[in-house]
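# Coordinate analysis (summary)
Residue strings, one per chain:
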Amino acid sequence: MFRKIIMILLISILLLSVSSMAQLKGKLEIFSWWTAGGEAEGLQALIDIFHKKYPNVEIINATVAGGAGANAKAVLKTRMLGGDPPDTFQVHAGHELIDTWVKTGFMEPITFLYKQEGWAKVMPKGILDIVSYKGDYWSVPVNIHRANVLWYNKKIFEENNLTPPKTFEDFFKVADALKSKGITPFALGTKDGWEAAHVFETVLIGKLGAEGYKGLWDGKTKWSDPRVTDALETFKKMLTYVNSDHSARTWDEACALIVDGSAAMTIMGDWAVGYFYAKGFNDFGWVLAPGNAGIFDALSDSFGLPKGAKNRDNVIAFLKVLGSKEGQEAFNLKKGSIPARTDVDKSKFPPYQRSCMEDWLKHKIVPSVMHGAAASEGWVTEFKDVISLFVVRPDVKTTQKALVNVAIKNGVKQ
Ligand code: BGC
């Protein structure tokens, strides 16, 4: 009798939860800039999981192409300010989330979801901190990306008997050797305006170290520092080894040069590895960007709940998928990043990501500026524009002065 009652109870709980899942209907608009190889696949993996659970919800996959949100962020701003928020949107954890959207009152806190799902117990403090403000959580981090990686074509290195560079000195030696063989040493795309600043961020880390670099964003390191001059001089020299058509290429089109063997190295975040996976390219190797040993330049993609979201229940259901073990594994396997959750099955991941998981635990973590973690969006935009100009007109003195001014303008004394 007792067993019968338990059985009936269990079956009714099951039926209830299945029917409440199926009950969700209407739409869910997911806004992001994930259109490139690896990115689109990662997003699709999340959508597939959601769709299986909630087959009656129509998903609107609203993407705006352009790496690092080059175009998406402006579209998002127009929509948010115009009172037409997407149901949920991609946003970098840290300053981009907190300064742009939380402090300004555009988001709903989702602390209740963290409590329900137990996320605070399975995500690292460093990540929880950058999705928190005034005691609440404001978005769900889906990953941890690493920005400071140098990727290379293994075959080119083997054929030319070269060792992947770890220092700037080695970098230039290798680059000269490649150049003399008629191989483009360094692949770069500057089409979307942020890619050069991304590389320069890693040069700053390489020249200033973790503390020196972090200090640039809170005033402890002055932008007039001679190490910044050195970083600019070094970057100027690096730019002499890039493909001549860089202004016509996006980040993924620069990575394509590594895949087809027309360039030997590039520096890009580990969405590049997602791109390589998507292209079925396995002949890549990686080391940290020159001078970046022991430092993890980090960023995290996250999604939250904007006030006035038209399909609030559906967003909540989607956020649960994003924070779930299943969601984080499926997404990150395609995306190249590592899950924000620490309780995933590490053995499922390829060697690059496994090594990244280990580094995350032992390296010094610094926040990426180009990807919203280190400084407010206004500063990031100006920093990016100054470096874009430097690519065209590499004048070290003028550029350093401009960087000093940008810091002052953004409230950091120099
Ligand atoms: C995002 C990544 C994305 C990359 C290139 C970064 O800002 O965090 O998820 O793959 O931009 O689009």
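Treat the numbers as computed from the prediction; the structure is a model and nothing was measured. (Residues numbered from 1 in each chain as written. Predicted model: local features only at pLDDT ≥ 70, side-chain atom pairs only at ≥ 80, totals over all residues. Heavy atoms only, no water.)

## Focus on unusual backbone geometry
- The backbone of Lys134 shows a phi angle near 45°, a positive value even though the residue is not glycine.
- Mapped onto the fold, Lys134 is located in the loop between strand E5 (132-133) and strand E6 (136-137).
- With phi around 55°, Asn161 is a residue other than glycine that occupies positive phi space.
- Within the secondary structure, Asn161 is located in the loop between helix H8 (154-159) and helix H9 (168-180).
- When its relative accessible area of 72% is taken as the criterion, Asn161 is described as exposed. (Helix = DSSP H or I, 4+ residues; strand = E, 2+ residues; numbered from the N terminus. Buried < 20%, exposed > 50% of the residue type's maximum accessible area, 1.4 Å probe, protein only.)

## Some points on the site of the ligand
- The environment of the ligand is made up of 14 residues, and the closest members are Glu39, His92, Asp301, Lys335 and His371.
- One nitrogen or oxygen atom from the side chain of Asp301 is found 2.7 Å from an oxygen atom belonging to the ligand.
- Here Lys335 contributes a side-chain N or O atom positioned 2.7 Å from an oxygen atom of the ligand.
- Protein burial of the ligand: of its 310 Å² of free accessible surface, 100% is covered by the chains.
- Here the shell around the ligand is composed, by residue class, of 6 nonpolar, 5 polar and 3 charged. (Near = heavy atom within 4 Å. Polar contact = N/O pair within 3.5 Å; in protein donor to acceptor, adjacent residues only side chain to side chain. Areas by Shrake-Rupley, 256 points an atom, 1.4 Å probe, with all protein chains shown as cover. Nonpolar A, V, L, I, M, F, W, Y, C, P; charged D, E, K, R; others polar.)

## Notes on the environment of Lys166
- By the secondary structure assignment, Lys166 is in the loop between H8 and H9.
- The spacing of Lys166 and Leu288 is 122 residues in sequence and 6.9 Å in space, taken between C-alpha atoms.

## Topic: the sheet that holds strand E12 (residues 284-288)
- Spatial strand order, E10-E11-E9-E12: 4 strands in an open sheet with mixed pairing. Two strands bound the open sheet, and with one partner strand each, they are strand E10 (184-186) and E12. Across the sheet, the mean angle from the axis of one strand to that of its neighbour is 20°, orientation sign disregarded.
- The pairing of strand E9 (residues 149-153) with E12 spans 5 bridges and is antiparallel. Residue pairing for E12: Trp151 is matched across the bridge by Trp286. (Pairing = 2+ DSSP bridges. Axes fitted to C-alpha atoms, helices over the stretch in contact; angles between N-to-C directions.)

## Re the state of the cysteines
- Applying the stated rule across the entire model yields 0 disulfides.
- Of the cysteine sulfurs around Cys356, a residue in no disulfide, the closest is that of Cys255, at 16 Å. (Disulfide = S-S within 2.5 Å.)

## Here we look at the sheet that holds strand E1 (residues 26-32)
- Strand order in this open sheet of 5 strands is E2-E1-E3-E14-E7, and the pairing throughout is mixed. Of all the strands in the sheet, just strand E2 (57-63) and strand E7 (140-141) have a single pairing partner and so form its edges.
- Packing of helix H2 (residues 39-53) onto the sheet brings it into contact with E1 and E2, and relative to E2 it is tilted by some 165°.
- Lying on the sheet, helix H14 (residues 312-323) is in contact with E1, E2, strand E3 (88-92), E7 and strand E14 (301-303); it crosses E1 at an angle near 50°. (Contact = heavy atoms within 4.5 Å.)

## Some remarks on the packing of aromatic side chains
- All chains considered together, the criterion is met by 33 aromatic pairs.
- Relative to Phe318, the ring of Phe50 lies with its centre 5.8 Å away and its plane at 80°, an arrangement referred to as edge-to-face. Highlighted residues: Phe50 in helix H2 and Phe318 in helix H14, separated in sequence by 268 residues.
- Take Phe50: its relative accessible area is 0%, and that puts it in the buried class.
- The interplanar angle of 70° and the centroid separation of 5.4 Å between the aromatic rings of Phe276 and Phe281 together place this pair among those described as edge-to-face. Phe281 shares its class with Phe276; the two are buried.
- Ring pairing ties together the aromatic residues Trp151, Trp251, Tyr275, Phe276, Phe281, Phe284, Trp286 and Tyr352, which thus form one cluster.
- Here the basic side chain of Lys179 rests over the ring of Tyr241, its NZ or CZ set 4.8 Å away from the ring centre. (Phe/Tyr/Trp six-rings, centres within 6.5 Å; stacked < 30°, edge-to-face > 60°. Lys NZ or Arg CZ within 6 Å of the ring centre and 35° of its normal.)

## Here we look at the packing of H2 against H14
- Where H2 meets H14, the closest approach of the two axes is 10 Å, and the angle between their N-to-C directions is 125°. On the basis of the axis angle, H2 is oblique to H14. For the pair H2 and H14, the sense of crossing is right-handed. Two secondary-structure elements touch here, H2 through Leu46, Ile49, Phe50 and Lys53 and H14 through Asn314, Ala317, Phe318, Val321 and Leu322.
- When the residues that make up the contact of H2 with H14 are grouped by side-chain class, the tally is 7 nonpolar, 1 polar and 1 charged. (Parallel < 35°, antiparallel > 145°, perpendicular 65-115°, else oblique. Left-handed = near helix turned anticlockwise from the far one by under 90°.)

## What about the pairing of E9?
- Counting buried positions along E9 yields 5 of 5 residues, so the element is predominantly enclosed.
- The side-chain alternation of E9 yields two buried faces, one formed by Val149, Trp151 and Asn153 and the other by Leu150 and Tyr152.
- Direction of pairing for E9 relative to strand E11 (residues 263-268): antiparallel, over a ladder of 4 bridges. Following the sheet pairing, Trp151 is matched in E11 by Thr266.

## A word on the packing of helix H17 (residues 377-392) against helix H18 (residues 396-409)
- Interhelical geometry of H17 versus H18 gives an angle of 175° and a closest axis separation of 10 Å. Comparing the axis directions of H17 and H18 gives the class roughly antiparallel. Across the interface between the two elements, Trp379, Glu382, Phe383, Val386, Ile387 and Phe390 from H17 touch Val396, Thr399, Ala402, Leu403, Val406, Ala407 and Lys409 from H18.
- Tallied by class, the residues present in the contact of H17 with H18 amount to 10 nonpolar, 1 polar and 2 charged.

## Structural notes on the pattern of salt bridges
- Taken as a whole and assessed by the stated rule, the structure comprises 20 salt bridges.
- The closest approach of N and O atoms between Asp359 and Arg146, which form a salt bridge, is 2.8 Å. Here Arg146 lies in strand E8 (residues 145-146) and Asp359 lies in helix H16 (residues 351-362), a separation of 213 residues in the sequence. Comparing Asp359 with Arg146, the two get one shared label, buried.
- It is possible to trace a salt-bridge network through shared partners that takes in Glu29, Arg79, Asp84 and Lys310. (Salt bridge = Lys/Arg side-chain N within 4 Å of Asp/Glu carboxyl O.)

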